[in-house]
Amino acid sequence: MKTFVIVFFSFIVLFGCKTNPSKPLPPKLKVLDKQQQLSSKDSILYWASDSYNINDDLTFEKYSSVIKNYKINNGKLYDLKNNIVLDNIYITYHKDKKNTEDIYIIKGLPQGVYYSSKEIFKDWRTFKYDEKGNLNGSFTIANYTTTFNEGNGYWKDYYFNNAKTNYVLKEEGGISKNFKVGKWSYYSNKGQLVQTKEYSLKDSIDVRFPHCLFNKNEPCF
């Protein structure tokens, strides 16, 4: 019986590790048992909004606790408890039961692909970060396609209205070095213009996840 268990466990490990290195899969939180949680706690951080009901699951940390235990310093994400730059860490952030965001952190910077999942639609919105943590490369959402170049470009974000092809413009404006600059426009979920703002780099409104969680004036929730 012991031999069978060892062989079966080895098969699971080998099968689970065979993933596409260019697109790391977000962790499947619900299937983790206690032993798996313990073994993965040093490589995955489970964060959640303050309003998200985590059912006393200790693997999750609420946003109000996150901003006390982590900070952005010199553009990098730090763990204040251990006084270290986060490295080789996968962060999954749950806004609620249907909305998640995932990113990989290397040497304090977001790298690879940021994934945003809503309801049954996985990766409905993705951004690419280069090795320096800059938004870089092409991005498509709804009928809008753009290209970011080392953190510079024109940003548009959309409301998600139940169907993958049904989007309403939420906000738009220019970014420089991953921060909001110039005139930005904000819209209601019905597509009506409700506000415009002017930004400079001094305002430090980072659009990248998870850095935007730590924006003092306009954190992203």
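Anyway, here's the lowdown on the structure attached to this text. As the structure is a prediction and not an experimental result, all values here were calculated from the model.

Note on placement: serine 185 falls in strand E14 (residues 179-187). With sequence-adjacent residues up to four places away left out, serine 185 is seen in contact with Lys170, Glu171, Glu172, Leu193, Gln195 and Thr196.

Strand order in this open sheet of four strands is E12-E13-E14-E15, and the pairing throughout is antiparallel. Because the sheet does not close on itself, it has two edges, and the strands there are strand E12 (153-160) and strand E15 (193-199). Neighbour-to-neighbour, the strand axes of this sheet turn through a mean angle of 15 degrees, independent of strand direction.

So, on to unusual backbone geometry. The step from phenylalanine 209 to proline 210 runs through a cis peptide bond, and the omega angle for that step is 5 degrees. The topology assignment puts proline 210 in the segment after E15. The backbone of lysine 107 shows a phi angle near 55 degrees, a positive value even though the residue is not glycine. By the element assignment, lysine 107 lies in the loop between strand E7 (99-106) and strand E8 (109-118). Residue classification places lysine 107 among the exposed residues on the basis of a relative accessible area of 57%. Despite not being glycine, glutamate 150 shows a phi value in the positive range, around 50 degrees. Within the secondary structure, glutamate 150 is located in the loop between strand E11 (144-148) and E12. Accessibility expressed as a relative area gives 48% for glutamate 150, which makes it partly exposed.

Turning next to the packing of aromatic side chains. For the structure shown, the criterion picks out 16 aromatic pairs. Taking the centre distance of 6.0 Å and the plane angle of 75 degrees together, the rings of tyrosine 52 and phenylalanine 60 count as edge-to-face. Overall, tyrosine 52 belongs to the buried group, its relative accessible area being 13%. Each residue in the set Tyr93, Tyr114, Phe127, Phe139, Phe148, Trp155 and Phe209 is aromatic and connected to the rest through ring pairs, giving one cluster. Lying across the ring of tryptophan 184, lysine 180 places its NZ or CZ 4.5 Å from the centre.

With that settled, the discussion passes to the sheet that holds strand E3 (residues 70-73). Within the open sheet, the three strands sit side by side as E3-E4-E5. Their pairing is antiparallel. Since the sheet does not close on itself, it has two edges, and those belong to E3 and strand E5 (84-85), each with one partner.

With that settled, the discussion passes to the state of the cysteines. The full count for this structure, using the stated rule, is one disulfide. A disulfide bridge connects cysteine 212 with cysteine 220, and the sulfur atoms are separated by 2.0 Å. A torsion of 65 degrees about the S-S bond marks the disulfide between cysteine 212 and cysteine 220 as right-handed. Looking at cysteine 212, the relative accessible area reads 6%, which means it is buried. On the basis of relative accessible area, cysteine 220 is assigned to the partly exposed category, the value being 24%.

Here the focus is the nonpolar core. Counting residues in hydrophobic clusters, the biggest one holds 37 residues, and the most contacted among them are Trp47, Tyr70, Ile91, Leu135, Trp155 and Phe209. The contacts of tryptophan 47, once residues within four sequence positions are left out, are Phe60, Glu61, Val66, Tyr70, Leu77, Ile91, Thr92, Tyr93, His94, Pro210, Leu213 and Phe214.

Scoring rules and cut-offs
Residues numbered from 1 in each chain as written. Predicted model: local features only at pLDDT ≥ 70, side-chain atom pairs only at ≥ 80, totals over all residues. Heavy atoms only, no water. Helix = DSSP H or I, 4+ residues; strand = E, 2+ residues; numbered from the N terminus. Contact = heavy atoms within 4.5 Å. Pairing = 2+ DSSP bridges. Axes fitted to C-alpha atoms, helices over the stretch in contact; angles between N-to-C directions. Buried < 20%, exposed > 50% of the residue type's maximum accessible area, 1.4 Å probe, protein only. Phe/Tyr/Trp six-rings, centres within 6.5 Å; stacked < 30°, edge-to-face > 60°. Lys NZ or Arg CZ within 6 Å of the ring centre and 35° of its normal. Disulfide = S-S within 2.5 Å. Core = buried A, V, L, I, M, F, W, Y, C linked by side-chain atoms within 4.5 Å.

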